[in-house]
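Chain by chain, the residues:
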Amino acid sequence: MEFNVKSGNPEKQRSACVVVGVFESRKLSAMGEQLDTVSEGYLSNILRRGDLEGKLGQALLLHNVPNTLSDRVLLIGCGKERDFGDKQYRKVVAKTITTLNDTGSMEAVCFLSELNVKGRDTRWKVRQAVETAQDTLYTFEEFKSKTDSTRRPLRRLTFNVTTRKELTLGEKAIEEGIAISKGAHKARDWANLPPNVANPTYLAEQAKLLAMENEQIDCEILDESELKEMGMGAFVAVSQGSDTPAKMIILKYNGTDIEQKPIVLVGKGITFDTGGISLKPGDRMDEMKYDMGGAASVYGAFIAATEMKLPINLIAVIAAAENMPSGKAARPGDIVTSLSGKTIEILNTDAEGRLVLCDALTYVERFEPEVVIDVATLTGACIVALGSHASGLMSNHNPLAHDLLNAGELCGDRAWRLPLWDEYQEQLESNFADLANLGGKGGGAITAGCFLSHFTKKYHWAHLDIAGTAWLSGKQKGATGRPVPLLTQYLMSRSEN
Ligand code: BES
Ligand code: MN
Ligand code: ZN
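Since the model is a prediction, treat every value here as computed from it, not as a measurement.

Definitions and limits used
- Residues numbered from 1 in each chain as written.
- Chains lettered and ligands numbered in written order.
- Predicted model: local features only at pLDDT ≥ 70, side-chain atom pairs only at ≥ 80, totals over all residues.
- Heavy atoms only, no water.
- Pairing = 2+ DSSP bridges.
- Helix = DSSP H or I, 4+ residues; strand = E, 2+ residues; numbered from the N terminus.
- Phe/Tyr/Trp six-rings, centres within 6.5 Å; stacked < 30°, edge-to-face > 60°.
- Buried < 20%, exposed > 50% of the residue type's maximum accessible area, 1.4 Å probe, protein only.
- Donors = N, O, S within 2.8 Å, 3.2 Å for Na, K, Ca; no water.
- Tetrahedral: all angles 85-135°; square planar, octahedral: opposite > 155°, others 65-115°.
- Axes fitted to C-alpha atoms, helices over the stretch in contact; angles between N-to-C directions.
- Parallel < 35°, antiparallel > 145°, perpendicular 65-115°, else oblique.
- Left-handed = near helix turned anticlockwise from the far one by under 90°.
- Contact = heavy atoms within 4.5 Å.
- Domains from an automatic or database assignment.
- Buried area = accessible area lost by both parts, 1.4 Å probe.
- Near = heavy atom within 4 Å.
- Polar contact = N/O pair within 3.5 Å; in protein donor to acceptor, adjacent residues only side chain to side chain.
- Areas by Shrake-Rupley, 256 points an atom, 1.4 Å probe, with all protein chains shown as cover.
- Nonpolar A, V, L, I, M, F, W, Y, C, P; charged D, E, K, R; others polar.

(A) The sheet that holds strand β17 (residues 435–436), seen in detail. With mixed pairing, three strands are arranged side by side in an open sheet as β12-β13-β17. Of all strands in the sheet, those bounded by a partner on one side alone are β12 (335–337) and β17. Alignment of strand β13 (residues 343–345) against β17, held across two bridges, turns out to be parallel. Counted as the bridge partner of I344 is L435 from β17.

Structure follows, in structure tokens:
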């Protein structure tokens, strides 16, 4: 898809379609009014007849509107004007995209970015529209023999801005939107791939390819024997039941002075989580191919940041392994020694994410990071707590937590903070080792975060539990690409000051 900005009048657009908003009840937006005037009341006549009330998400496609130069005019319902906020704006854009794509307009000029969204400027509106458009049109059909492709798909979308001065802003916003979408798209592809394809070796190969394409990117892979030698006993314990060896993938990007401390992203990359010897029930187990969603989002945010050439130093570390039961697999009761030297009693082999992460989190100390953010589909308990609307956020540093919460609000990929109080730490005590990998009854997302906090004492750290947000189940099953927008927004905000 191609995106443009321009500044002009709706009636002067020589286009397959011009898109304008209509609020409830039957109230044309300013640009709609303008079209109505030149067409001598053509639009208001139709509205008066009751064809479109203006409810959020309604759409009405008109042909040959008098005195206009475009083939079609698409009226999009925006709901009540005073309720028009971020969520409504995104919904309206998504509806526009599906309608255009389904009705043969291969290009269109969109006047929705001129609508007033509370507290949001042109840059925000254009960027969000690009992201929403790309998100809406995403498909994953690599493994279908026949694809149901649209006959005349939408190829180009032009956003109209009110003043010529805003054109540069709009262009910048398009670049940002495209970069973020590219990252989110890659994350979704990685996560949607079947687990017999996207194993640790595959992820490592992809990362190497990425580094080959870009001079500013370096890639290093540590294989399972190296991990073992280095003392990552917790990481290796997860992988030892699998025939596909674990990999630690390290991607580095230098976008500024090498003296500047790096921001480090760490992703849980369990390419399939059977639970191991503590085997999961069979129902919906296929969805555990998404247990590398953290890795996918870290990879996606890394791509977005490098596409935008952000002036930061960024390191992405992916702990990739497969959690399988076998004669070689770790048992409940096994005690392993982590890279930090702390011993861990594995009470449940299905609590494997924290085992790979704890060693990765110790490993990244060597980079003397500015901050470390780990991202993981870590606990079913986080889904119980927050559902699928917010990712769980835990942190040992308030400013970092606030930055992440704000980044999420800004881009609509929200997180919600959970506490890491000492009281929860007691749940991780083991009779036989320094720590148990299981927190017992209650507060499962938090005790998992507490477990990780033992390995992150040397730097500012935040943990995002994306178990509820990384993918959708049911009929719409598929990866969401979250939290690529949140992470990228955080990186962008950091590089601005
Ligand atoms: N990958 C799962 C968490 C998960 C489960 C995410 C379902 C999304 C949907 C993780 O490895 C896991 O199995 N966690 C256990 C932890 C428990 C054994 C302490 C869980 O949440 O049940
Ligand atoms: Mn598990
Ligand atoms: Zn898991």
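(B) Expanded view of the packing of aromatic side chains. Under the definition given, this model contains ten aromatic pairs. Ring centres of Y89 and W124 lie 5.8 Å apart, and the angle between their planes is 40°; on these two criteria the pair is classed as tilted. Pair noted here: Y89 is in helix α3 (residues 86–102) and W124 is in helix α4 (residues 122–137), with a separation of 35 residues, a long-range link. Here Y89 and W124 have matching classes, each one buried. Where Y290 meets W471, the ring centres are 5.2 Å apart and the plane angle is 20°; that geometry is what we call stacked. Highlighted residues: Y290 in the loop between β10 (263–273) and α9 (293–307) and W471 in strand β19 (residues 471–472), separated in sequence by 181 residues. Each member of the pair Y290 and W471 is classed as buried.

(C) Focus on the coordination of the zinc ion (ligand 3). Distances from the zinc ion (ligand 3) to its protein donors, namely K268 (NZ), D273 (OD), D291 (OD) and E352 (OE), fall within the range 1.9 to 2.4 Å. Coordination geometry of the zinc ion (ligand 3): the six donor atoms subtend angles of 78 to 175° at the metal centre, consistent with an arrangement described as octahedral. In this structure, the zinc ion (ligand 3) is positioned 3.2 Å from the manganese ion (ligand 2), and both are ligated by D273. Linking D273 in strand β10 with D291 in the loop between β10 and α9, this pair joins segments that are 18 residues apart in sequence. Residue D273 shares its accessibility class with D291, and that shared class is buried.

(D) The packing of helix α5 (residues 166–192) against helix α15 (residues 484–496), seen in detail. Relative orientation of the contacting elements α5 and α15 amounts to 140°, with a least axis distance of 9 Å. The orientation of α5 with respect to α15, classified from their angle, is oblique. The chirality of how α5 crosses α15 is right-handed. Note on element contacts: α15 touches α5 through V484, P485, T488 and M492, opposite E176, I180, G183, A184 and A187.

(E) Main features of the domain arrangement of the protein chain. Domain boundaries in the protein chain define domain 1 (2–159) and domain 2 (183–496). Distance from the C-alpha centre of domain 1 to the C-alpha centre of domain 2: 39 Å. In this assembly, 13 residues from domain 1 lie in contact with 15 residues from domain 2. Interface area for domain 1 against domain 2, summed over the two sides, is near 1100 Å², with a carbon-plus-sulfur share of 46%.

(F) Just the site of ligand 1, in detail. Ligand 1 sits among 17 residues. The nearest are K280, D291, D350, E352 and G380. One of the side-chain nitrogen or oxygen atoms of D273 is found 2.9 Å away from an oxygen atom of ligand 1. The side chain of K280 places a nitrogen or oxygen atom 2.8 Å from an oxygen atom of ligand 1. Look at ligand 1: alone it shows 520 Å² of surface, and the protein chains cover 79% of it. Contributing elements (two or more residues each) for the shell around ligand 1: β10 and α11 (380–386). For the shell around ligand 1, a count of residues per class yields six nonpolar, four polar and seven charged.

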